[in-house]
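# Descriptive analysis of the structure
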Amino acid sequence: LIAQENTASSQTKKCLDLLASSLAKERDVVENLLLFSRISAKDMHLDKSETDLRGILDQLIENYKFRWEERKLEVAVSFDDALRPLWADAQLVKTALKHLLLNAIQFNKKGGRIHIEGKDTQDCVRISFSDTGIGIPQDKLSLVSDSFYQVAEHLTREVGGLGLGLAIVRRIVEAHGGSVCVTSRAGAGSAFAITFPKLAAKELSPGIAEENI
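Summary of the structure given here. (Residues numbered from 1 in each chain as written. Predicted model: local features only at pLDDT ≥ 70, side-chain atom pairs only at ≥ 80, totals over all residues. Heavy atoms only, no water.)

### Here we look at the overall build of the chain
Helix and strand content of the chain: seven helices and seven strands. From first element to last, N terminus to C terminus, the chain shows the α and β order α-β-α-α-β-β-α-β-β-α-α-β-β-α. The burial tally for the chain puts 40% of its 213 residues in the buried class. The contacts of the chain with a sequence gap of at least 6 include a subset with a gap of at least 24, amounting to 73%. Carbon together with sulfur atoms contributes 52% to the accessible area of the chain, which is approximately 12,200 Å² in total. (Helix = DSSP H or I, 4+ residues; strand = E, 2+ residues; numbered from the N terminus. Buried < 20%, exposed > 50% of the residue type's maximum accessible area, 1.4 Å probe, protein only. Contact = heavy atoms within 4.5 Å. Areas by Shrake-Rupley, 256 points an atom, 1.4 Å probe, with all protein chains shown as cover.)

### Here's the deal with the pairing of strand S4 (residues 113-120)
Burial along S4 is one-sided: the face carrying Ile 114, Ile 116, Gly 118 and Asp 120 is buried and the face carrying Arg 113, His 115, Glu 117 and Lys 119 is not. For strand S2 (residues 74-79) and S4, the ladder comprises six bridges, and the chain directions are parallel. Its bridge partner being in S4, Ser 78 is matched across the sheet by Glu 117. Connecting S4 to the next strand, strand S5 (residues 124-131), in antiparallel fashion are three residues. (Pairing = 2+ DSSP bridges.)

Now the structure itself:
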């Protein structure tokens, strides 16, 4: 009798876990649709402030640790020491970085690696996410940031979603005057890079502006 009760309890827990997972995915779909609708508006407002990219990334990596650990992934981060804060909408930039991180997790191979790199050049700030995942066929590269597109149908069924993630990333980055590029080879992983133009001195706080006069 006790064994039967334990079995029933285990089955109930599994059902509840599946239900919770399904509800979470549905919630993500709705939130992504609402966000995509908002950021697609021509009069989208950007609430800009000094944005610490490394701080945001560290928080996201910790928040989604359970996901990349579950897939036995290694996550490495290397940032230029002199990387300046970005004058941007911090919440939207966080959303873009979140989607790039989740993309690198979801489409990676189990036991693979993610390398996140931050570069500060004379003209721009560049953040790249490299993974060791399935890669993207050359004839599909131009489609990866289109709305409602995901790279592999079988993985789309596995991870769920509508394929809006990269389209959201592109819209957010372009709204900040930046660009998105991807390099990939089928079976050999992908690298997604977002580039933001350097800030005008007048848009920075006085302390930071003075350092660059």
